[in-house]
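Letter by letter, the chains look like this.
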Amino acid sequence: MSEKSMGPSEGPHIAIPREIVIEPNEKILMVLERTYISFVTIATVGLLVIAGALLILNFAIPKENQWIMLPLAVFFFVILPPILYGLGYVYVKGHRYIITNERIIMFRKFIGILLRTVTHDKITDLIVNQGPIGRICNYGRVSPITAGMIMPMGAAIFSISGVRNPYEVRDSIAKLVKTKQPEGQQN
Amino acid sequence: MTVEGTVPPQVSLLPDEKIIMRLQRRYASIFTSILSLIATAILLSFGSIIRTFVQYTPPIEAFFWIFLSIIIIGFAFVFTVMALVGYFYVQGHCYILTNRRIIIYRKFITISVREIAYSEITDLILNQGPIARILNYGSITPLSPGIRGFYAVPYPYMRRATYSRVELKDVSQPSKVINELLTLVRFHKSA
């Protein structure tokens, strides 16, 4: 657990959750965090969609019922955003992605715990996704696909989401996959 | 977590096969199942409840109290029955980790057995809900090319339902178990 080498978005003091046990002969190569901006983008898009829906509703409902728009607007634009962005911060901080010389550990602790561990020799595909904001801010999602974790689950829920320099992360994993897989099995 | 206990007659071990761990489903997990069932029932009947109240003619107070009593008695009945049946249901779960494979066994009215060799495991998924975190139990799904990620989705309403048991459901100390499983997977990979 003590041996670490610097990776693309690895901070020097990123702690490993106590739920994750690293084997004695296993070497941690990278510890990655999810970026807060990746959540902010999703949350903001959601709020903009709600704003659009409210605007349409404002024109659609009869004049005598338009009083409902004020409490709705207060809830969605005054009360909801601080809760959403505040909880989002905790949600983002609950993510840890650990790449060792043996496996990738994808960990999320938020209300519950979700952990996926996959050894490098079982990875069949590596997919990188970047949205428009992700391209500008240089973050993205790296999805290690296996025979058991196929698309779209492997690319959506159980993936390395919102990490900085996703292409560098992809290259690092690809190198490990290449060294771990037998010659005939390599992509 | 134990190696003691009998092996169900439907499970046959190979001559050189050794049991490493024998796990049981935790009874406490049945209460989270009851809670989620009640939540589902409320979600599904929410529209009907609102409609009933809106269409009802006054006096609504008396109707409200009768309605509330029926709901409470109904939930109490369901809770008691599920807690009783749940005990036998949970006792029917048995997960055996041997030096060769994982055997996932469930006997409750029907019997379902899944066997998976460590060399076939591609991913290990650990899933713990909020109550499970407090009580230290959780579900571990060993994925293979045959049993894929759709069975391990953390959101209950999105998960693909299955007649057979495919996961080590609600076992104690899941972090330890997943670590033990990983050690076995690594050993079989290098062997």
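I will try to describe carefully the structure that is included in this document. As a convention, each chain's residues are numbered from 1 in the sequence order in which they are written. Labels are handed out in written order, letters beginning with A for the chains and numbers beginning with 1 for the ligands. Where local features are concerned, this predicted model is filtered to residues with pLDDT of at least 70; where side-chain atom pairs are given and counted, the filter is 80 or more; whole-chain, interface and lining totals use all residues.

1. Some remarks on the overall build of chain A
At step 1: Per the secondary structure count, chain A includes 5 helices and 7 strands.
At step 2: Under the DSSP-based scheme used, a helix requires at least four consecutive residues in state H or I and a strand at least two consecutive residues in state E, with every element numbered from the N terminus. In chain A, the succession of α and β elements from N to C terminus is β-α-α-β-β-β-β-α-β-α-β-α.
At step 3: Field definition: a residue is buried when 20 or more other C-beta atoms are found within 10 Å of its C-beta, exposed when 12 or fewer are, and partly exposed for counts in between, with C-beta atoms placed from the backbone. Relative to its full complement of 187 residues, chain A shows a buried share of 33%.
At step 4: Contact between residues is assigned whenever the C-beta positions, reconstructed from backbone atoms, fall within 7 Å. Of the contacts made within chain A by residues no fewer than 6 positions apart, 61% connect residues no fewer than 24 positions apart.

2. Description of the sheet that holds strand β1 (residues 28-32) of chain A
At step 1: The antiparallel open sheet is built from 7 strands, whose spatial order is β1(A)-β2(A)-β3(A)-β4(A)-β5(B)-β6(B)-β7(B). What marks the edges here is a single partner per strand, and that holds for β1 of chain A together with β7 (168-172) of chain B. Adjacent strand axes in the sheet meet at a mean angle of 20 degrees when their direction is disregarded.
At step 2: The pairing of strand β6 (residues 137-143) of chain B with β7(B) spans 3 bridges and is classified as antiparallel. The residue bridging B:Ile140 from the neighbouring strand is B:Leu168, located in β7(B). DSSP calls a pair of strands paired once it identifies at least 2 bridges connecting them. Orientation is described by lines fitted to C-alpha atoms, with helices fitted over the stretch in contact, and by angles between N-to-C directions that extend from 0 to 180 degrees.

3. Regarding the interface of chain A and chain B
At step 1: With 24 residues of chain A at the interface, the matching set in chain B holds 26 residues.
At step 2: Where the side of chain A that touches chain B is concerned, the elements lending two or more residues are β4 (112-119) and α4 (153-156) of chain A.
At step 3: Residue contributions to the side of chain A that touches chain B peak at 8 residues, all from β4(A).
At step 4: As paired strands, β4(A) and strand β5 (residues 123-128) of chain B are joined by 6 bridges and run antiparallel to one another. In the sheet register, A:Leu114 faces β5(B), and the bridge partner there is B:Asn127.

4. A short note on unusual backbone geometry
Residues and elements named next belong to chain A.
At step 1: With phi around 65 degrees, Ile111 is a residue other than glycine that occupies positive phi space.
At step 2: Tracing the chain through its elements places Ile111 in the loop between β3 (103-110) and β4.
At step 3: Classification of Ile111 as partly exposed rests on a count of 13 C-beta atoms within 10 Å.

5. A few points about helix α5 (residues 166-180) of chain A
Residue pairs three or four apart in sequence face the same way in an α-helix, which turns once every 3.6 residues.
Residue and element names in this part refer to chain A.
At step 1: The span one expects for a helix is its residue count, reduced by one, times 1.5 Å. Given a rise of 1.5 Å per residue, 15 residues ought to cover 21 Å, and the 21 Å separating the end C-alpha atoms of α5 matches this to within 8%.
At step 2: Looking only at α5, the buried set comprises Pro166, Val169, Arg170, Ile173, Leu176 and Val177. Down the axis, α5 shows its buried residues gathered within 130 degrees of arc, on one side only. What points out from α5, more than 90 degrees from its buried face, is the exposed set Lys175, Lys178 and Thr179.
At step 3: Buried residues in α5 make contact with β1, β2 (95-100), β3, β5 (123-129), β6 (139-146) and β7 (160-164). The arc refers to the directions leading from the helix axis to the C-beta atoms.

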